[in-house]
Amino acid sequence: MSYITKKYTCESHAVAIPAKAQGKASFVIDKVQAMMRQEQTVYLYRRYVTPPTSGEYLLEDPEDLVIWREKICHWTYSVIDHFELSRKTVAVSINIFDRYLATQGNRCDGSLALLVSLTTLYIAIKVHEKK
């Protein structure tokens, strides 16, 4: 077995690859770099969701977010109960929802709240459910 290694760089990460696996590693690194280029050019979320101006996400009343969150929580429980999934999944979904909103300064409108809640429920089901 050859221990000659070659360093590959992807963004800011350098990885030493054994000589035997360099062909496969080169292929994988090329694929990852192509996927990253696609994410940055083709798959921009801005094509689907128009980014708001600075204060546009802020609802007129801060209590509106509380009302949306409560509605989303009830809806999520009804979906989970309908499909007979674990109610812990709702806790995970709401946790992800809250974490996302925290990154946005707890600012959102109703349509974004619905989109984020659906996405976080999907993630929670995929990660925590076995069905």
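That block above? That's the structure.
Residues numbered from 1 in each chain as written. Predicted model: local features only at pLDDT ≥ 70, side-chain atom pairs only at ≥ 80, totals over all residues. Heavy atoms only, no water.

(A) Molecular detail of the side chain of Thr120. Locating Thr120 in the fold gives a position in helix H4 (residues 110-128). Leaving out residues up to four positions away in the same chain, Thr120 has contacts with Ser93, Ile96 and Phe97. (Helix = DSSP H or I, 4+ residues; strand = E, 2+ residues; numbered from the N terminus. Contact = heavy atoms within 4.5 Å.)

(B) Summary view of the packing of aromatic side chains. Counted by the stated rule, this structure contains 0 aromatic pairs. Over the ring of Trp68 we find Lys71; its NZ or CZ atom is 5.5 Å from the centre of that ring. (Phe/Tyr/Trp six-rings, centres within 6.5 Å; stacked < 30°, edge-to-face > 60°. Lys NZ or Arg CZ within 6 Å of the ring centre and 35° of its normal.)

(C) Main features of the pattern of salt bridges. Tallying each qualifying case throughout the model produces 2 salt bridges. Taking the shortest distance from any N to any O, the salt bridge between Arg69 and Asp98 comes out at 2.7 Å. On the criterion of sequence distance, the pair formed by Arg69 in helix H2 (residues 63-82) and Asp98 in helix H3 (residues 88-103) is long-range, its members being 29 residues apart. With a relative accessible area of 33%, Arg69 lands in the partly exposed category. (Salt bridge = Lys/Arg side-chain N within 4 Å of Asp/Glu carboxyl O. Buried < 20%, exposed > 50% of the residue type's maximum accessible area, 1.4 Å probe, protein only.)

(D) The arrangement of the environment of Leu121 in detail. Inspection of the secondary structure assignment puts Leu121 in helix H4. According to the relative accessible area criterion, Leu121 is buried, its value standing at 3%. Separated by 30 residues in the primary sequence, Leu121 and Ala91 place their C-alpha atoms 9.6 Å from one another. Setting aside chain neighbours within four positions, we find Leu121 in contact with Trp75, Thr76, Val79, Ile80 and Ser93.

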